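# Chain and residue survey
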Amino acid sequence: MTMFNSANAAILPPEYGKLVIEPMTAASVAMQVATVVPTSAAEFHFPRVTSDVTAGWTAEGAAITPSDADTDAYVVTPKKLASLTTLSNELVNDSSPAALQLVGDSIAREMARKLDAAFFGNLGGNAPAGLESLTGLIVVDSGAGYTNADPFTDAVMEVEASGGNVTSFVTDPATARTLAKLKQASGSNIPLITPDLAAPSGRVLLGRPLYVSAAVTAGTVWAISKADVFVVLRNGVEIAVDKSSAFASDSTQIRGILRAAPAFPRLDSVAKIYDAA
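The rules behind each value
- Residues numbered from 1 in each chain as written.
- Predicted model: local features only at pLDDT ≥ 70, side-chain atom pairs only at ≥ 80, totals over all residues.
- Heavy atoms only, no water.
- Core = buried A, V, L, I, M, F, W, Y, C linked by side-chain atoms within 4.5 Å.
- Buried < 20%, exposed > 50% of the residue type's maximum accessible area, 1.4 Å probe, protein only.
- Helix = DSSP H or I, 4+ residues; strand = E, 2+ residues; numbered from the N terminus.
- Contact = heavy atoms within 4.5 Å.
- 1 Å grid on protein atoms, 1.4 Å probe; cavity = no way out; pocket = protein on both sides within 12 Å on 5 of 7 lines; lining within 4 Å.
- Points joined across faces, edges and corners; volume = space filled by probe spheres on them.
- Phe/Tyr/Trp six-rings, centres within 6.5 Å; stacked < 30°, edge-to-face > 60°.
- Lys NZ or Arg CZ within 6 Å of the ring centre and 35° of its normal.
- Arc of directions from axis to C-beta.
- Polar contact = N/O pair within 3.5 Å; in protein donor to acceptor, adjacent residues only side chain to side chain.
- Salt bridge = Lys/Arg side-chain N within 4 Å of Asp/Glu carboxyl O.

Let us now look at the nonpolar core. Across soluble globular proteins, nonpolar side chains have a tendency to be buried as a group. In this structure, M24, F119, F120, V170, W222, I224 and L258 are the most contacted members of the largest nonpolar core, which totals 43 residues. Listing elements by their share of this core, those giving two or more residues are helix 1 (18-27), helix 2 (29-33), strand 5 (70-76), strand 6 (79-88), helix 4 (97-120), strand 12 (221-224), strand 13 (230-242) and strand 14 (251-263). Every residue in contact with V170, bar those within four places of it in the chain, is listed here: V29, V33, F120, L210, Y211, S213, V216, T220, V221, W222 and I224. Judged by nonpolar contacts, the second largest core, of 20 residues, contains I138, V156, V166 and L192.

It is worth spelling out the layout of surface pockets at this point. By volume, the largest pocket is sized at about 180 Å³. Lining the largest pocket, in full, are K79, K80, L81, K114, L115, A118, L123, N126, A127, P128, L258 and A260. Elements represented by at least two residues in the lining of the largest pocket include exactly strand 6, helix 4 and strand 14.

Below, the discussion takes up the packing of aromatic side chains. Counted according to the given criterion, the structure contains seven aromatic pairs. Members of the aromatic cluster, joined through ring pairs, are F44, F46, Y74 and F230. Across from the ring centre of Y274, 4.4 Å away, lies the NZ or CZ of K272, which sits over that ring.

A word on helix 6 (residues 173-180). Taken together, the buried positions of helix 6 are occupied by T175, A176 and L179. One face of helix 6 carries all of its buried residues, which in axial projection span an arc of 105°. For helix 6, the exposed residues lying more than 90 degrees away from the buried face are A174 and R177. The secondary structure elements touched by the buried residues of helix 6 are helix 5 (150-161), strand 8 (168-171), strand 11 (208-212) and strand 12. Looking at where helix 6 begins, the residue whose side-chain oxygen comes 3.2 Å from the main-chain nitrogen of A174 is D172.

Let's shift gears to the side chain of S213. Inspection of the secondary structure puts S213 in the loop between strand 11 and strand 12. A polar side-chain atom of S213 sits 3.1 Å from the main-chain amide nitrogen of A215. Beyond its immediate stretch of four places on either side in the chain, S213 contacts V29, D116, F120, V170, T171, D172 and P173.

All right, on to the pattern of salt bridges then. Pairing of side chains with opposite charge becomes possible as their charged atoms draw close. For the structure on display, the rule yields six salt bridges. We note a salt bridge from E110 to K114, for which the minimum N-O separation is 2.7 Å. Taken as a pair, E110 and K114 lie in helix 4 at a separation of four residues, close to a single helical turn. A residue is classified by how much of its surface remains accessible, and K114, at 42% relative accessible area, is partly exposed. A single network of salt bridges, built from pairs that share partners, joins E110, R113 and K114.

Printed below as a string of structure tokens:
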């Protein structure tokens, strides 16, 4: 990926594309807890089996009763996420790695925030449908407040019963703080959430990484099976640079465009833990 100016002349070499996509992946919780699927198509189709082939005990030499699997397709259309950043020409013309990293990080942080907001929320408008917009998910009632690990155990078991495997939990900052203060047993000082530098999120709940995102609705914890939840990413990230639009301020505008959408072809692979009341 190359950065271009308005005259379509490259001002940054192609290898600097990673200054956007790599920090964005690291900053986006959605891209860490879901499977990222790259595509160049306007639509991406997830084939699904709605009913399995049937099998039966059959005598040796007897004819086997044929059966067919019923299938359909879950179709996802990546939506455009656009970011616009204005930088001084002095910074843009500085070829030092530190200056270039600032350019990439600025766009990456904004894209990560907006992608997470769409993934975990229900934004409507031009945004793709997120978790909060879905019906038919596994729901676990946490009651009036989190006091122990029971809701998370229930969520793990419910997803496993449907054939999934919870690989991560995600919650909002306030709920994460509440959970961090819970103990494993009454009278114990051992926290329910244990720090683990080897875990991607740095903290573990029931042996699974617990991620924190401000995009999650307050009081909600999501239990996610990564193999069954996706972020469809179309054609990577497009970066364009224009010096003319901010000419009067001796600045350059850098535009980032990402086409992406979350995909939830199996609703029973996600559990929503919250106070149903």
